[in-house]
Amino acid sequence: MFDDGPRPLVQVQDLRMYFPIFSGIFRRHTGDVKAVDGISFDIVEGETLGLVGESGCGKSTVGRALLRLYNITSGRVIIDGEDVASLGPEALRKKRPTMQMVFQDPQASLNPRMTLARIIGEPLNEHTDWSTARKLDRIYELMDAVGLNRRFANRYPHEFSGGQRQRIGIARALALNPKFIVCDEPIAALDVSIQAQVVNLLEDLQEKLGLTYLFISHDLSMVRHIADRVAVMYLGRIAELSPRDPLYAKPLHPYAEALLSAVNEPDPVRAANRRRIILTGDVPSPANPPKGCNFCTRCPKVFDRCRTEKPELREVETGRFVACHLFDDKPQAAGSTGASEANERNQQGVTQ
Amino acid sequence: MPDRAASVLDVRGLKTVFRTRGGEVHAVNSVSFHLEKGELLGVVGESGSGKSVTMMSLIGLLPSPPADVRAGEVLLDGRDILKIPPQELRRVRGARIGFVFQDPMTSLNPVFTLGDQIMEPLIEHMGMTKAQAASRAVELLELVGIPDARRRLKSYPHQFSGGMRQRVMIAIALACDPDVLIADEPTTALDVTIQAQILELVKSLRQKLGMAIIWITHDLGVIAGIADRVMVMYGGHIVEQAPVRELFANPQHPYTRALLKTIPAISGPREGRLEVIEGQPPILMAAPEACPFRARCEYRHDRCDRENPARRASTA
């Protein structure tokens, strides 16, 4: 625990988030949308964990559940030593400054009736008892940090472009000196030339302030740029969790492989020579996931066992975790699931 | 001047202006290009660069007012479709030129079955009977890879996923066997694995049907994989036009060069830091008299402020 390698700032253990379905005239509880169905991972201090997957795979739900924007169904989310999932209301309010979020749509996440200074200063009103002058100083400091001109302090969000609005969102997230920021598709709504500006800003801030990011995105090439480790999600579960370079060089899980092969290479020569794995069909509904492995309905390498037994996420190479029966030929593959789970928790991302 | 003998579509000096309360916005400025038979022309640019407006103004899809196509001619097989009366233009749209829109969620009518929507252009343009149209609709759905097509004709759009709906949109656009298919960001709203399916579909359809396609996108990765020739737009201008390999290997315009550098690669060495284009794209509130890219260009000099560079063939 003491000075033996990097410390996990965020530990997620068997997180589940089910949204109930009510139907019939009595609005009876008839099922659940299993948006997140038992995932575990750690994020080390100062690290960026990329979370990728297609729409509907539950990646945004993970981000929001981590910050307790939802009350989770079960599991533990330990951020900086405290289990966020079980904190009482007042304790949670005190905890909020350490964890913040940058939202996807900068248009929708800024109040159009508030000036820029009020938007950035709002967390300060809520969590500090500073004087107005001190708050204004801090607001200016934040605006400098994210590259907004101080003259803009009294303008409204509609006067800014998408990239600048995203900077406002980032300044607001930074206001209380958080340790951990969830970036939920922060660049998805921006143009290519603006995306690079925002990503560079996030990287600079990380270096300067020692921030830890969970970077949620569907843009695999941008995740390759910014993340240290990457978790690939499919239908509410993690398919593969690996350090960035080995994952992009040789993805192990068939879904990760297909996903990476589907990315369009911005180079016509390389694009012509690439072998794409075209998955057939669509993602099944998370309200009614397939029996066995989630991916068995579309997997090109499916075999009988996949349709009956859910694969557990286990370490197959140093630091690489895969949930797939193809990698099960290790000694004592089946058997004590409890032991393999404990193993998994200890080793994820932590070099001990 | 390229040889335009084989052109299906020839656009010359197209200008579109939007009248707004704040003044006129010059969205398309003297855009000229041509499309050859069987070719796939990629159009790239950031939002607001005028790529969609160009394509919509050339088939008269923009509401006027506020839009106003000020000048230019659009020759479809030698006939200027900007000057023909609205009724005749209706016969061109859908029959000769098919259009696939970006958002498959909102461009299908939710209260009609898919069968009705695919059969509509067939009955309207080809004069088919309902029974003929229905069997053609089944063929079309099979062509775009929708299984169990005959039963699916009775389904409503909400019963389909995004990728399936985009397939249906493509089927509708292809219904009358058009000469030109204009696809406006057809894969942007889709997930990567579904996007890959649609791209494969379009590649195979091109081989089978051989129509010319204009493919609008902001994703250079998509363009690299699919286009024959690329047109880069910025601030309502075409800033560069080149065959796809040439454009990626040897970009000429400073904007194209900068744009290609800002996107991180999925393979090869990883950059330490992304290159950026500082500043914002312009909003053109007046007719352009200088280069639209000058404010963000690293090679800016006096002449850039004085005149708008003419489009000329470069021999690099």
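Quick caveat: nothing in here was measured; it's all calculated off a predicted structure. (Residues numbered from 1 in each chain as written. Chains lettered and ligands numbered in written order. Predicted model: local features only at pLDDT ≥ 70, side-chain atom pairs only at ≥ 80, totals over all residues. Heavy atoms only, no water.)

With that settled, consider the environment of Leu174(A). All names here are of chain A. Tracing the sequence through the fold places Leu174 in helix α5 (residues 162-174). Given the relative accessible area of 4%, Leu174 is considered buried. Leu174 sits 31 residues away from Leu205 along the chain, and the two C-alpha atoms are 9.3 Å apart. Not counting residues within four places of it along the chain, the set of residues in contact with Leu174 comprises Arg138, Leu142, Val146, Ile181, Leu205, Leu209 and Leu211. (Helix = DSSP H or I, 4+ residues; strand = E, 2+ residues; numbered from the N terminus. Buried < 20%, exposed > 50% of the residue type's maximum accessible area, 1.4 Å probe, protein only. Contact = heavy atoms within 4.5 Å.)

On to the interface of chain A and chain B. At the interface, 43 residues of chain A touch 44 residues of chain B. Carbon and sulfur atoms supply 54% of the area buried between chain A and chain B, which totals about 3700 Å² over both sides. If you look at where chain A meets chain B, you find one salt bridge. A salt bridge links Asp204(A) to Arg273(B), with the nearest nitrogen and oxygen atoms 2.7 Å apart. Applying the counting criterion to the chain A and chain B interface returns nine residue pairs in polar contact (both at pLDDT 80 or more). Elements with a minimum of two residues in the side of chain A that touches chain B: α6 (192-209), α7 (220-226), α8 (244-249), α9 (254-262) and α10 (268-273) of chain A. It is α6(A) that contributes the most residues to the side of chain A that touches chain B, nine residues altogether. (Buried area = accessible area lost by both parts, 1.4 Å probe. Salt bridge = Lys/Arg side-chain N within 4 Å of Asp/Glu carboxyl O. Polar contact = N/O pair within 3.5 Å; in protein donor to acceptor, adjacent residues only side chain to side chain.)

Moving on to the sheet that holds strand β5 (residues 79-80) of chain B. Residues and elements named next belong to chain B. The strand order β2-β1-β4-β5 describes an open sheet built from four strands, whose pairing is antiparallel. This sheet does not close on itself; its edge strands, each paired only once, are β2 (23-36) and β5. In this structure, strand β1 (residues 7-20) lies alongside β2, joined through 10 bridges in antiparallel fashion. In the sheet register, Ser7 faces β2, and the bridge partner there is Glu36. (Pairing = 2+ DSSP bridges.)

Below, the discussion takes up the nonpolar core. In a soluble, globular protein the nonpolar side chains are often hidden away together inside. Of all hydrophobic cores here, the largest spans 67 residues; its most connected members are Ile170(A) and Leu220(A). The element best represented in this core is α6(A), accounting for seven residues. Leu220(A) has contacts with Val52(A), Tyr248(A), Leu259(A), Leu260(A), Val263(A), Val192(B) and Ile266(B), leaving out every residue within four places of it along the chain. With 66 residues, the next largest nonpolar core counts Leu141(B), Ile194(B), Trp215(B) and Val239(B) among its residues. (Core = buried A, V, L, I, M, F, W, Y, C linked by side-chain atoms within 4.5 Å.)

Bringing the sheet that holds strand β8 (residues 212-217) of chain A into the picture now. Residues and elements named next belong to chain A. Pairing is mixed across the open sheet formed by eight strands, whose spatial order is β6-β7-β8-β3-β9-β10-β12-β11. Looking along the sheet, the strands with just one partner apiece sit at the ends: β6 (99-102) and β11 (314-317). Strand-to-strand twist in this sheet, taken as the mean axis angle between neighbours without regard to direction, amounts to 25°. With four bridges connecting them, strand β3 (residues 48-52) and strand β9 (residues 229-234) associate as parallel partners. In the strand pairing of β9, Gly50 is matched with Val230. Packed on one face of the sheet, helix α1 (residues 59-66) meets β3, β6, β7 (180-184), β8 and β9 and runs near 150° to β8. (Axes fitted to C-alpha atoms, helices over the stretch in contact; angles between N-to-C directions.)

The next point concerns the environment of Asn111(A). Residue and element names in this part refer to chain A. Within the element layout of this structure, Asn111 appears in the loop between β6 and α3 (116-127). According to the relative accessible area criterion, Asn111 is partly exposed, its value standing at 35%. Separated by 47 residues in sequence, Asn111 and His158 place their C-alpha atoms 9.7 Å apart. Discounting residues that sit within four places of it in the chain, Asn111 has contacts with Ile119 and Pro157. Only 3.0 Å separates the side chain of Asn111 from the backbone nitrogen of Arg113, close enough to count as a polar contact.

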